[in-house]
Amino acid sequence: MWLRLGQFILKYRIPLLILLIGSTFFMGIHASRVQLSYDFARAIPIDNPKYKAYQEFRNKFGEDGNLMVIGIQTDQLFEEKTFNAYADLQRSLKKANGVDDIISIPSAINLVKIPETEKLKADTIFPDRKLSQTELDSASALFLSLPFYKDLLYNPTTNAWLMGVRINKEVLSSKKRIPIINNIVTLVDKFGIENNITVYKSGLPHIRTELSVRITNEMRFFILASLLLSAIILLAFFRSFSAMLLSLTVVAIGVIWSFATIEMMGFKISVLNALIPPLIVVIGIPNCIYFLNKFHTTYNETGDKKKSLVKMIEKMGVVTLFCNLAAAIGFAVFALTQSQILKEFGIVAGINIFALFIISLIFIPAMLSFLPSPKSRHTRYLQNARLLRWLDRLERWSLNHRKLIYGITIGVVAVSIAGIVQLKPLGYIVDDLPKSDKLYTDLKFFETNFKGVMPLEIVVDTKEKRGVSRNFNNLVKIDSLSQYIATIPDIARPLSITDGLKFAKQAFFDGDSNSYSMPSEFDLPALSQYLNFRGEPGEIKNSFAKLVNTFMDSTKQQARISVSMKDVGSNRLPKILDSISARANQLFPKGKYDVQLTGTSVTFLEGSTYIINGLKDSIFWAFILIAFCMLYLFKSARILLISLIPNVIPLLITAGLMGWLQIPLKPSTVLVFSVALGIAIDITIRFLVNYKQELPLNNYDIRKTVIGTIHHTGISIIYTSLVLITGFIIFCFSGFDGTKALGWLTSLTLITATFTNLVLLPAILISFGRNKK
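A brief report on the enclosed structure follows. Just so it is clear, the structure is predicted and the values come from calculations on it, not from any experiment.

**Considerations on the packing of aromatic side chains**
The relative placement of two aromatic rings is captured by the distance of their centres and the angle of their planes.
Line of reasoning, step 1. All told, the structure shown has 28 aromatic pairs when counted by the stated rule.
Line of reasoning, step 2. Ring geometry for Phe222 against Phe731: centres 4.9 Å apart, planes inclined by 70°, an arrangement best described as edge-to-face. In this pair, Phe222 is assigned in helix H8 (residues 204-238) and Phe731 in the loop between helix H23 (702-729) and helix H24 (737-768), connecting sequence segments 509 residues apart.
Line of reasoning, step 3. Classification of Phe222 as buried rests on a relative accessible area of 2%.
Line of reasoning, step 4. Relative accessible area serves as the criterion here: at 1%, Phe731 is assigned to the buried category.
Line of reasoning, step 5. Aromatic side chains Phe728 and Phe731 sit 5.9 Å apart centroid to centroid with 55° between the ring planes, which places their arrangement in the tilted category. As far as the burial class goes, Phe728 and Phe731 line up, both buried.
Line of reasoning, step 6. By the ring-pair criterion, three or more aromatic residues cluster together here, those being Phe78, Phe83, Phe126, Phe143, Phe148, Tyr149, Tyr154, Trp161 and Phe503.
Line of reasoning, step 7. Seen from the ring of Tyr440, Lys435 lies directly overhead, with NZ or CZ sitting 5.2 Å from the centre.
Line of reasoning, step 8. The ring centre of Tyr632 lies 4.3 Å from the NZ or CZ of Lys635, which sits over that ring.

**What about the pairing of strand E8 (residues 454-461)?**
Line of reasoning, step 1. Of all eight residues that make up E8, eight are buried, and the element is covered over most of its length.
Line of reasoning, step 2. Side-chain alternation along E8 places Met454, Leu456, Ile458 and Val460 on one buried face and Pro455, Glu457, Val459 and Asp461 on a second face that is also buried.
Line of reasoning, step 3. Of the pairings in the sheet, the one linking E8 to strand E9 (residues 558-565) comprises eight bridges and is antiparallel in character. Across the sheet, the residue bridging to Met454 is Met565, located in E9.
Line of reasoning, step 4. As defined by bridge partners, E8 adjoins strand E10 (residues 594-598) across five bridges and the pair is classed as antiparallel. Directly across from Asp461, in E10, lies its bridge partner Asp594.

**What to know about the sheet that holds E10**
Line of reasoning, step 1. Taken together, three strands build an open sheet; the order of strands is E9-E8-E10 and the sheet is antiparallel. If you trace the sheet from one side to the other, it starts and ends with E9 and E10, each paired once. The sheet shows a mean angle of 15° between the axes of neighbouring strands, taken without regard to direction.
Line of reasoning, step 2. Packing of helix H3 (residues 49-61) onto the sheet brings it into contact with E8, E9 and E10, and relative to E10 it is tilted by some 95°.

**Examining a nonpolar patch on the surface**
Line of reasoning, step 1. A surface patch of nonpolar side chains, amounting to about 400 Å² of accessible area, comprises Leu336, Phe620, Trp621 and Leu625.
Line of reasoning, step 2. One can find Leu336 in the loop between helix H11 (305-332) and helix H12 (340-370).

**A look at helix H13 (residues 385-400)**
Line of reasoning, step 1. With 16 residues, H13 should reach 22 Å at 1.5 Å per residue; the first-to-last C-alpha distance of 22 Å fits that figure.
Line of reasoning, step 2. Buried residues of H13: Leu387, Leu391, Leu394, Glu395, Ser398 and Leu399, and no others. Projected onto a plane normal to the axis of H13, the buried residues spread over an arc of 125° and lie on a single side. For H13, exposure combined with an orientation more than 90 degrees from the buried face picks out Arg386 and Asn400.

**Some remarks on the environment of Gly203**
Line of reasoning, step 1. Of note, Gly203 is situated in the loop between strand E7 (199-202) and H8.
Line of reasoning, step 2. Each C-alpha atom, one on Gly203 and one on Ile70, is 8.5 Å from the other, the two residues being 133 residues apart in sequence.
Line of reasoning, step 3. Once you skip the residues sitting within four places of it in the chain, Gly203 turns out to touch Leu67, Met68, Val69 and Val453.

**Some words on helix H16 (residues 472-486)**
Line of reasoning, step 1. For H16, with 15 residues, the first-to-last C-alpha span of 21 Å sits near the 21 Å given by 1.5 Å per residue.
Line of reasoning, step 2. Among the residues of H16, those classed as buried are Phe472, Asn474, Leu475, Lys477, Ile478, Asp479, Leu481, Ser482 and Ile485.
Line of reasoning, step 3. Where the residues of H16 are buried, they touch E8, helix H17 (497-508), E9 and helix H19 (572-587).
Line of reasoning, step 4. Sitting at the head of H16, Asn471 places a side-chain oxygen 3.1 Å from the backbone nitrogen of Asn473.

**Some thoughts on the nonpolar core**
Line of reasoning, step 1. If you look at the biggest cluster of nonpolar residues, it comprises 258 residues, and the most contacted ones within it are Phe126, Tyr149, Ile184, Ile458 and Ile685.
Line of reasoning, step 2. Not counting the four nearest positions on each side in its chain, Ile458 is found in contact with Leu481, Ile485, Ala559, Arg560, Ile561, Val563, Ile580, Val595, Gln596 and Leu597.

**Examining the packing of H16 against H19**
Line of reasoning, step 1. As a packed pair, H16 and H19 sit with axes 10 Å apart at the nearest point and diverge in direction by 160°. Classified by the angle between their axes, H16 and H19 sit roughly antiparallel to one another. Crossing of H16 against H19: the hand is right-handed. Touching Lys477, Ser480, Leu481, Tyr484 and Ile485 of H16 are Ser579, Ile580, Arg583, Ala584 and Leu587, all from H19.
Line of reasoning, step 2. Looking at the contact of H16 with H19 residue by residue, the classes come out as six nonpolar, two polar and two charged.

**Here we look at the side chain of Lys305**
Line of reasoning, step 1. Mapping Lys305 onto the fold places it in helix H11.
Line of reasoning, step 2. Asp304 provides the closest opposite charge to the buried, salt-bridge-free Lys305, at an N-O distance of 8.9 Å.
Line of reasoning, step 3. Among the polar contacts made by the side chain of Lys305, one reaches the main-chain carbonyl oxygen of Ser369 at a distance of 3.1 Å.
Line of reasoning, step 4. If we skip the residues at most four places from it in the chain, Lys305 touches Phe295, Tyr299, Leu368, Ser369, Phe370, Leu371, Pro372 and Ser373.

**Re the packing of helix H10 (residues 276-302) against H23**
Line of reasoning, step 1. Running from N to C, H10 and H23 cross one another at 165°; their axes reach a closest spacing of 9 Å. Between H10 and H23, the angle is such that the two are roughly antiparallel. For the element pair H10 and H23, the recorded crossing hand is right-handed. Residues Leu279, Val282, Ile283, Ile285, Pro286, Ile289, Tyr290 and Asn293 of H10 pack against Ser716, Ile717, Tyr719, Thr720, Val723, Leu724, Gly727 and Phe728 of H23.

Conventions and cut-offs
- Residues numbered from 1 in each chain as written.
- Predicted model: local features only at pLDDT ≥ 70, side-chain atom pairs only at ≥ 80, totals over all residues.
- Heavy atoms only, no water.
- Phe/Tyr/Trp six-rings, centres within 6.5 Å; stacked < 30°, edge-to-face > 60°.
- Helix = DSSP H or I, 4+ residues; strand = E, 2+ residues; numbered from the N terminus.
- Buried < 20%, exposed > 50% of the residue type's maximum accessible area, 1.4 Å probe, protein only.
- Lys NZ or Arg CZ within 6 Å of the ring centre and 35° of its normal.
- Pairing = 2+ DSSP bridges.
- Axes fitted to C-alpha atoms, helices over the stretch in contact; angles between N-to-C directions.
- Contact = heavy atoms within 4.5 Å.
- Patch = residues over 30% accessible without salt bridge, like charges linked within 9 Å, V, L, I, M, F, W, Y side chains within 5 Å.
- Areas by Shrake-Rupley, 256 points an atom, 1.4 Å probe, with all protein chains shown as cover.
- Salt bridge = Lys/Arg side-chain N within 4 Å of Asp/Glu carboxyl O.
- Expected span 1.5 Å × (residues − 1).
- Arc of directions from axis to C-beta.
- Polar contact = N/O pair within 3.5 Å; in protein donor to acceptor, adjacent residues only side chain to side chain.
- Core = buried A, V, L, I, M, F, W, Y, C linked by side-chain atoms within 4.5 Å.
- Parallel < 35°, antiparallel > 145°, perpendicular 65-115°, else oblique.
- Left-handed = near helix turned anticlockwise from the far one by under 90°.
- Nonpolar A, V, L, I, M, F, W, Y, C, P; charged D, E, K, R; others polar.
- Lys, Arg positive; Asp, Glu negative; His and termini not counted.

Here it is, written out as C-alpha cells:
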C-alpha cells in the first residue's frame, strides 16, 4: 500500500502541490480573520446548574466582574493638593470612554433628612470643584463619620483608599476593551507620577485585559522563537538550507491551518489554544527530520533519488501516520471533557497535528523530487562519531547490564510513587502569574487592605413578590447572614440591602453614627422610601443609589449579598462556601427559601474541578486509544505491553518529582501528562516499527535486530528528541507559570522517555522477546 502511495505522490506531485498551495491560500484567508478572546473561556458546560445560576444572576443583577479597582496608600489624601488631584482623576475617569460609573471618595454622598417632610435626600459630601483645605477638613470629618464607607472605600488602619471604575459590559466582551483599559491605566499612572504616589490597579477587567494582551504577545514570540530555533537545529543537522527551508515551510503551513481551524470552528484565541501554533512547529519538525533521515539513509545505500523517495514513503509513511495519530490522540482526548476551553484546545490541536502528517507526506517528497540530489556534506550527520559512540554505549548497556537497568528502574519508580502520594490539587484564579508580577503584587495590595477583589454573590429568593421589602423578618435574616460572612477572615465586608437601611437609619436620626444599625420593625415604615428609591425619578441619581439599587431584583422578591474576597485557592474556597451555605440554610430553610451562591469565585471553583477531572479522564482515554493504535499496528498484546512500559515510567517520574517539589495538580500541570504521552509514544513507535521491519530480515534473531534498530533509529530519535525538548523549553520563557510548567515538565518527561526507549525498551525486548525458529 505504502509503496503504491509513494509512487502515486511522485507521479502526481504537481497537482498535489497545487492542491496543497490552494488549500493553504484558502486557510490563510480564514486565518487572517481569527480573533482574540477578550473573555475567559467557559470552563464548565452551559448546562451545569452553577453556570445556569451565574447566567441568571447576571441577567437580573448585572455583571459581577466589571469593576476595576484603583488603590493608593497615603496619610495625606485629605490635604488640598492631593485630594483635588484625586478628584480630578475621578472626573477624568468618569468622562473616559467605556466607563459606566465611578465609586469613589470624591463622589461619595450622605443621606440627609429634610426636617419639613422627614424625607431623605442625597447630598454630595465633597462639592464637585476645587476645594480649600478648610472645606476639605469639614467634608472629610463628615465622610469619616459614616460607617457605610469604612472598609468599603478606605481602610482606616492602613490609610489605604479605593476607587472603583465600573466598565461597560459590552465593551468588556469586545476588542475595544484594550484601548479603554489602557486609557484608564494611563490616567491613573499619570496621577501617581504627578503626586509621587504608588498606584495599585486590579479587578477582573484589568486582570483579564492584561492577560489577553500578554497571550497575544507570547504567542507571537513562541512562534518566532520556535521557528528560529528549529531553523538553527535543522541547519546544524543537515548542513542544507534547502532542507531547513523545506521543513520550515511544512510547519508554517501547519501554523496557518491551525489559525484557520480556530476561526472556522467559531473559536477565538484563548490562553490555552494560543499554545497550538508553536506546538505545531515543535511537533512538525520531527516529521521532517524522520522523512529526511530516511531519505538520506536510503540514498546513501542506493544512490537513486527516485527510489530513495519511494522507499522513504514506504518505510516512514506508516510510522509517521501512527506517530502523528498518537500525538493527535494525546491532544484530541481533551475534546471528550466537558470543559469548553479544553474542548476547543483538543479539537483544534488534534485536527492540525494529524493534518501535519498529510502536509508532510505530500510536500516533502514532492519538493525533494525537484531539488538536486543530496551531497555528501548533507548526509555527514549519519556518521556523527560522537553519537555513534553513544549508540554503542546504549547497545552495551542493553545487552550486558539488563539487571542493573531493571534495578535502577524499579528504584526510581518506587521513589516516584512515594512522590505521587504527596500530590495535591490546588488552583487560584490568577494562578499562573509569577509572584513578582505587578498584576499579582497589586492584587495582594487589595487583599491585604480590602480583603480582595474576587466577586462572590449570595442570592436569597424569598419566593414571594416584595418578600424582601415588606418582610422585616427576611431583612433581619439577610443582615444576620451578612454579619456571619463578615466574620470569615478572607472575605471583605459584605454589601446588601440592609447596609443601605442602616445608612438610611443613621440619616433619619440626624447623622448620629451610633444609629448605624439594623432598623427595628417600628423604624421600617419611616424608611420605606429607601426601599422604593427606584420609584423616585430624579431623586437619587448618584453612585450610592446605583450601588444599592442592585441589591434587589425588580420584583423585590430576591435580595443579593455582594462580597469581595481573597483569591484563596481551590482548597480553601470550598470550605468557605460550605460554611456560608450551612449558615444560610439555618436562616433560610430549604423549601421556603432558595439560596444560591454564585459569582466568579464559584464558577472558578467549579471550572477548576471540571478541568482537573477532565484532564485526568483524558489521560485515561489517551492510554486506551493509543493502546488500540499500538495493538492494531503490531498485532501483539505482548508488544503492546512492552511498548507502554517505557512511556508510563517517564510519566511516573514527572508526577513523582511534582510531588516531592510540592508542585500542585492544576490545569496547567495535569495537561502535561496527556501531551507528553502522545508525543513520547512516537519514539516507541519508530523504534518498534523498525524492529518489526528488520526482524524477518535477521531471521527473527531478536538480539541482532535490537542492535540494528538502535543504530538505524538511534540518530533520528536523538535528533528529534532534541528538537522536541528544546522546543518545549521555549515555553519556560513565558510570563505565565502554567506555561512554564508545561515547558519544563514536558521537556523532563521527553528526556526520560528518550532514555527509557533507547535503554530500557531494548533490554525488555531482549529479555522477554520470543525468537521464531
